[in-house]
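Structure assessment
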Amino acid sequence: MSSQLGVQCPKKFVYFGLKTPIALPCQCLLEISGQPYEGKSVTMDEWPELKPTTPTGMLPYADMPDGTALAESGAIGRVIAASAGLLGQGKDFMVSEQLAGMTAELWKKVSAICPTMFTVESFDDAKKAAYAEKRAGVLEYLEKYKPMLLPAGDRFTESGLTYGEVDLFAKLNCCVTGCFPEIMEGPLGAFCKRMEEVPGIKKVLAGETQFGSLP
């Protein structure tokens, strides 16, 4: 894989030791890239001391080879993808970016109705009712991806590993292991199953990378 845009891979990526839609795309891209990097999973006990040293007071962040620090998961993910030639070329780039935009909208719908480990204790009856009422809308939105699939039905570009595809898979995987297991039986099931078998992604999901197990 050759670099695009003259971008180098981050030398270090830092996030909590959790599987989330925020960091999982970057973690998968780092492994897919095959490039050397340091992965750090921060514990909740470590976070208060680390927080004031981060670029924005939030995670993730990445240390770059030139000594600068980069924040924002989308920016970091695209930098990793560019360093490994995974942004796509020509039409594949356009498809990848369209997927990224659609997936951002998808995640707004999911996060509006689903609890996280940080919010589950406050997931009261009103929020449960909203989830029951609006979950069908999430599944309906997934149908919008179907016309974009290539004939094989398991990818959107020839490589099948553009930034947009990895980003989509990571967020779908969080849905599948969370509130929407039926996604595996829907129009994106074959896509998810193929992506799960990509060696780099498989390692991340199995907890076999520097990030360790990601509950």
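That block above? That's the structure.
How each quantity is defined
- Residues numbered from 1 in each chain as written.
- Predicted model: local features only at pLDDT ≥ 70, side-chain atom pairs only at ≥ 80, totals over all residues.
- Heavy atoms only, no water.
- Helix = DSSP H or I, 4+ residues; strand = E, 2+ residues; numbered from the N terminus.
- Contact = heavy atoms within 4.5 Å.
- Phe/Tyr/Trp six-rings, centres within 6.5 Å; stacked < 30°, edge-to-face > 60°.
- Buried < 20%, exposed > 50% of the residue type's maximum accessible area, 1.4 Å probe, protein only.
- Expected span 1.5 Å × (residues − 1).
- Salt bridge = Lys/Arg side-chain N within 4 Å of Asp/Glu carboxyl O.

Here D167 is to be found in helix α6 (residues 163-176). In contact with D167, not counting residues within four places along its chain, are P25, A100 and T103.

Attention now moves to the packing of aromatic side chains. In total, this model carries eight aromatic pairs according to the counting rule given. Plain terms: the ring middles of F16 and W47 are 5.3 Å apart, the flat faces sit at 75° to each other, and that makes the pair edge-to-face. With F16 in strand β1 (residues 12-16) and W47 in helix α2 (residues 47-50), this pair connects stretches of sequence that are 31 residues apart. No difference in accessibility class separates F16 from W47, as the two residues are buried. Judged by centre distance (6.3 Å) and plane angle (65°), the rings of Y131 and F180 are edge-to-face.

A few words on helix α4 (residues 91-113). For the α-helix, the turn length of 3.6 residues means that residues three or four positions removed from each other point alike. With 23 residues, α4 should cover 33 Å at 1.5 Å per step; its first-to-last C-alpha distance of 34 Å lies within 8% of that length. Considered for burial, the residues of α4 that qualify are V95, S96, L99, A100, M102, T103, L106, V110 and I113. The inward-facing, buried residues of α4 contact α3 (73-83), α5 (125-142) and α6.

The next subject is the pattern of salt bridges. Any two side chains of opposite charge can pair, so long as their charged atoms come close to each other. Within the structure shown, the criterion is met by 10 salt bridges. Between E46 and K40 there is a salt bridge, with the nearest N and O atoms lying 3.2 Å from each other. Take E46: its relative accessible area is 33%, and that puts it in the partly exposed class. The closest approach of N and O atoms between E197 and K202, which form a salt bridge, is 3.0 Å. Under the relative-accessibility criterion, E197 is labelled partly exposed at 49%. Connected through shared salt-bridge partners, D154, R155 and R194 make up one network.

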